[in-house]
Amino acid sequence: MKLGRRQSGAAARSVSYSSSPLLASKTPPWRSKLLVALVGLGSCLLIGRAVTIQIVNNDFYLEQGEKRYAHELELPASRGRITDRHGALLATSVSVPSVWAIPKDVQATREQIRQLAKLLALPAAELEKKLADPNARFAWLKRQIDEPVWQQVQALGIKGIYQTREYRRKYPEGEAAAHLVGFTDVEDHGQEGIELAFQKDLQGRDGSRMVVKDRLGRVVEAIGDQVDPAHGLDITLAVDAKVQFFAYQRVRDAVAEHKAKAGSVVVLDAQSGEVLALANYPSFNPAERRNLTGAQLRNRALTDTFEPGSTMKPFVVAWALESGRVTPTTPIQTAPGSITITGSTIRDAHPHGVLTVAEVIQKSSNVGTVKLAMQMDRREMWELYSQVGFGQKPQLQFPGAVTGRLRPYKSWRPIEQATMSYGYGLSTSLFQLARAYTVFARDGEVIPASMLQQTAPPTGLRVIKPETARAVREMLRLAAGPGGTAPKAQTIGYSVGGKTGTAHKQEGKAYTTDKYRAWFVGMAPIENPRIIVAVMIDEPNNGVHYGGDVAAPVFSQVVQQTLRMMGVAPDLDVRPQIVTTAVQESF
Amino acid sequence: MTRLNMILVLALLASSLYLVRTAYDSRRLFAELDKAKNEAARLDTESKRLEAEREAQATSLRVERTARERLAMRTATPAVTVYVHDDDVAAGAAK
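Treat the numbers as computed from the prediction; the structure is a model and nothing was measured.

1. A few points about the overall build of chain A
Helices and strands together make up the secondary structure of chain A, namely 22 helices and 21 strands. Its C-alpha atoms give chain A a radius of gyration of 40 Å, clearly above 25 Å, the size a compact globule of 587 residues would have. Classification of the 587 residues of chain A by burial places 42% in the buried group. Here the contacts in chain A between residues at least 6 apart in sequence split such that 70% fall between residues at least 24 apart.

Below is the structure:
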């Protein structure tokens, strides 16, 4: 500073201001004009920019501004419920807390973490790992926990732990209806069963609304229209939860009693084709997500095929009657208990002598059936089998229903036609078998089976005459009676009819000698059937393995209970066991 | 003239203050409405949850076990059932 002043002092002494050559020189006029022009251009640019931002392209900043105060709130739609025919819940969604954290905000002592881990049923190490990353802004701790657990978590008072509401599926009937109802994944998408089949209807559409929030996070104003959530539709099944439960219980007990591998039951309403119950054992709890793997998920009644064996005989006999080749009393020579067709011999389990056609069914004679079948054209047999649904994909709104196997008749060799008459060389699921029996129960019409309640009586496909169907029902009644193959199918008060089946299991290319499959298909009451019940027990391993010993008792119990629950009056006389002598009330 | 202007200024002032108040009220009421709606939604989910809970308490398994064990009930069979037909009822009523 001092130096500067000295210098300027020196200059003041030597320079004369009035005659400075700098002042004398004239500024050229273009300089001022250029400046004015530059400033003018600058303002024009600014105005232009302002116009583009404010008027022409105003959306960007409007949007940015809106983001500062407007919030979009999601209005979650709930998934539809699944109920049985009487309105009992089979699956419903409830809103439950899901716990998440902002790891960098979490401040907790070791003890608190330990308690949190215990509450959430997580290993403490895993929880610590989740909370360890100091930069993470979000981490799920545990999704879909119970309400009381969340309250306990809140009580721990750990900072940085929050909840969101999510819907969780509840299955009140649990494992009894698990294969039927199916389950959903954590995102609420159907994965199996009805949950998958009706995913589109059950799934709702989330709604949304735009709001303005104030400093305290309160909603103070709505912007625009609210998009209401579309809740999923409720599905009412034809299933009766009580019948379903009972059927499941019985098959579970039977599997345990016979040390079997698995078992299935199908109960159809013979008049409407509705599925009243469809149960398999082993089953699973659809609410426990970690169990949802493996063979227990298989809906065996629909997905497992097997050779229907003796249960096919009534169809062959029905066609023999229908085509006028025989009457129920026509005698057939089955001695000596074997028949040879193109070099292969077919045997009966026990040799019989001369049997009537009705007795062929009652005693389940292979030889008798083969003799009837060999009178038929192979095409006739094929048409009959496919009309009642063998080798056809079931028209059922349900995932995973298999087609079974029925080869085209042109490739049948005579021996194959013979074996197919008693149920070998083709395959079917238990469900297909039950449905095929509607042809006898419905007086010759085969009707489609349905998972949903039917409002109108179904239109059936006529396969045989009503008289023929009635004649076969009579034979089925004999088969399930004393002297037949399954007297254990009898119930108290209701007449029943049905056919047993027992087969060696096929493993690879050969039949095993020690593994069996036993089943029974029947209907009740036999005069005017209301239900068809099919039972299958896989690998019974406790001494007995015949369908009449293993599957028929299950059939009997299921029929008894189902008809009672449906309020069907017994058609057989029952010796009353009512012992109370109540005082007659007078009105 | 001044007097009229004064009156107009006062009126304007009053009206503006009233506007501020109305705007405030409307926001407050809206917030309350929103809170009530949230409460309604919460109660709705709660009722659904309780309904599911009730259903879970009334599963066939539990009903049967309770009936058997606590109430000592047995399954009815046709042998211990009296079937009443509609015509019997009509005849009985006529008596």
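2. Comments concerning the domain arrangement of chain A
Residue and element names in this part refer to chain A. Parsing chain A into structural domains produces domain 1 (73–110 + 118–123 + 130–236) and domain 2 (241–565). Inter-centroid distance (C-alpha atoms) of domain 1 to domain 2 is 44 Å. Put simply, the parts of the chain that give the side of domain 1 that touches domain 2 at least two residues each are helix H8 (178–181) and helix H9 (193–197). It is H8 that contributes the most residues to the side of domain 1 that touches domain 2, 4 residues altogether. Per-class residue counts for the side of domain 1 that touches domain 2 are 13 nonpolar, 3 polar and 6 charged.

3. Focus: the nonpolar core
Residue and element names in this part refer to chain A. With 137 residues, the main nonpolar core has Val265, Val267, Val317, Ile531, Ala534, Val535 and Ala551 as its most contacted residues. If one sorts the elements of this core by residue count, helix H11 (residues 241–257) sits on top with 9 residues. Lining this core are residues from two domains, each supplying at least three of them: domain 1 (73–110 + 118–123 + 130–236) and domain 2 (241–565). Once residues lying within four places of it in the same chain are set aside, the contact partners of alanine 551 are Thr500, Ala518, Trp519, Phe520, Val535, Met536 and Ile537.

4. Quick look at the sheet that holds strand S10 (residues 275–281) of chain A
All names here are of chain A. Across the sheet, which stays open at both edges, the 5 strands sit in the order S10-S9-S21-S20-S19 with antiparallel pairing between neighbours. Among the strands making up the open sheet, the edge pair consists of S10 and strand S19 (497–507). Looking at each pair of strands side by side, their axes are set apart by 10 degrees on average, direction ignored. Sheet analysis places strand S9 (residues 262–269) next to S10, joined by 6 bridges and oriented antiparallel. Bridge pairing in S10 places valine 267 opposite alanine 277.

5. Concerning the interface of chain B and chain A
Often, the extent of an interface is quoted as the loss of accessible area on bringing the components together. Contacts between the two partners involve 20 residues from chain B, matched on the other side by 25 residues from chain A. Here the side of chain B that touches chain A gets 10 residues from one element, more than from any other, and that element is helix H1 (residues 2–57) of chain B. When the residues that make up the side of chain B that touches chain A are grouped by side-chain class, the tally is 11 nonpolar, 4 polar and 5 charged.

6. Side note on the packing of helix H15 (residues 366–373) of chain A against helix H17 (residues 414–421) of chain A
Residue and element names in this part refer to chain A. Running from N to C, H15 and H17 cross one another at 125 degrees; their axes reach a closest spacing of 8 Å. In terms of their interaxial angle, H15 and H17 are classed as oblique. The chirality of how H15 crosses H17 is right-handed. Here Thr369, Val370 and Ala373 of H15 lie close against H17, whose contacting residues are Gln417, Ala418 and Ser421.

7. Quick look at helix H22 (residues 552–565) of chain A
An α-helical turn contains 3.6 residues, so any two residues separated by three or four positions project in the same direction. Residues and elements named next belong to chain A. Over its 14 residues, H22 extends 20 Å from the first C-alpha to the last, a length consistent with the 20 Å expected when each residue adds 1.5 Å. Counting buried positions over the 14 residues of H22 gives 12, a clear majority of the element. Restricting attention to buried positions, one finds in H22 the residues Ala552, Pro553, Val554, Phe555, Ser556, Gln557, Val558, Val559, Gln560, Gln561, Thr562 and Leu563. Of the residues trailing H22, glycine 567 is marked for its positive phi of about 75 degrees.

8. Some words on the environment of leucine 372 of chain A
Residue and element names in this part refer to chain A. Considering the arrangement of structural elements, one finds leucine 372 in helix H15. Owing to 22 C-beta atoms within 10 Å, leucine 372 belongs among the buried residues under this scheme. Taking the C-alpha atoms as reference points, leucine 372 and serine 421, 49 residues apart in sequence, are found 8.6 Å from one another. Ignoring any residue separated from it by four or fewer positions in sequence, one finds leucine 372 in contact with Val316, Val317, Ala320 and Val326.

9. Concerning the pairing of strand S21 (residues 531–538) of chain A
Residues and elements named next belong to chain A. Buried residues dominate S21, accounting for 8 of its 8 residues. The side-chain alternation of S21 yields two buried faces, one formed by Ile531, Val533, Val535 and Ile537 and the other by Ile532, Ala534, Met536 and Asp538. Examined bridge by bridge, S9 and S21 share 8 bridges and lie antiparallel to one another. By the bridge assignment, valine 266 is partnered in S21 with alanine 534. Of the pairings in the sheet, the one linking strand S20 (residues 510–524) to S21 comprises 8 bridges and is antiparallel in character. Its bridge partner lying in S21, tryptophan 519 is registered against methionine 536. In textbook terms, the turn of a hairpin is the stretch between consecutive antiparallel strands, and for S20 and S21 this stretch comprises 6 residues.

10. Some points on unusual backbone geometry
Residue and element names in this part refer to chain A. Looking along the chain, the bond that leaves alanine 335 and enters proline 336 is cis, with omega of 5 degrees. Within the secondary structure layout, proline 336 lies in the loop between strand S12 (331–333) and strand S13 (338–341). Backbone geometry at alanine 121 places phi at a positive 55 degrees, although glycine is not the residue there. Counting through the fold element by element, alanine 121 comes out in the loop between helix H5 (110–120) and helix H6 (124–132). Looking at alanine 121, the number of C-beta atoms within 10 Å reads 9, which means it is exposed. Residues other than glycine seldom take positive phi values, yet aspartate 443 does so here, at roughly 55 degrees.

11. Section: the sheet that holds strand S1 (residues 70–75) of chain A
Adjacent strands of a sheet form backbone hydrogen bonds with each other and so pair up, either parallel or antiparallel. Residues and elements named next belong to chain A. With antiparallel pairing, the 3 strands of this open sheet are ordered in space as S1-S6-S7. The outermost strands of the open sheet, each flanked by one partner alone, are S1 and strand S7 (219–227). Taken over all neighbouring pairs, the strand axes of this sheet differ in orientation by 30 degrees on average, direction set aside. Sheet analysis places S1 next to strand S6 (residues 207–213), joined by 6 bridges and oriented antiparallel. Its bridge partner being in S6, leucine 75 is matched across the sheet by glycine 207.

12. Some points on the environment of glutamine 107 of chain A
Residues and elements named next belong to chain A. Assignment of secondary structure puts glutamine 107 in the loop between strand S3 (89–101) and H5. The sequence separation of glutamine 107 and isoleucine 158 amounts to 51 residues, and the corresponding C-alpha distance is 6.5 Å. With near-sequence residues (within four places) excluded, glutamine 107 lies in contact with Lys159 and Gly160.

Definitions and cut-offs
- Residues numbered from 1 in each chain as written.
- Chains lettered and ligands numbered in written order.
- Predicted model: local features only at pLDDT ≥ 70, side-chain atom pairs only at ≥ 80, totals over all residues.
- Helix = DSSP H or I, 4+ residues; strand = E, 2+ residues; numbered from the N terminus.
- Rg over C-alpha atoms; globule rule 2.2 N^0.38 Å.
- Buried ≥ 20, exposed ≤ 12 C-beta atoms within 10 Å, placed from the backbone.
- Contact = placed C-beta atoms within 7 Å.
- Domains from an automatic or database assignment.
- Nonpolar A, V, L, I, M, F, W, Y, C, P; charged D, E, K, R; others polar.
- Core = buried A, V, L, I, M, F, W, Y, C linked by C-beta atoms within 7 Å.
- Pairing = 2+ DSSP bridges.
- Axes fitted to C-alpha atoms, helices over the stretch in contact; angles between N-to-C directions.
- Parallel < 35°, antiparallel > 145°, perpendicular 65-115°, else oblique.
- Left-handed = near helix turned anticlockwise from the far one by under 90°.
- Expected span 1.5 Å × (residues − 1).

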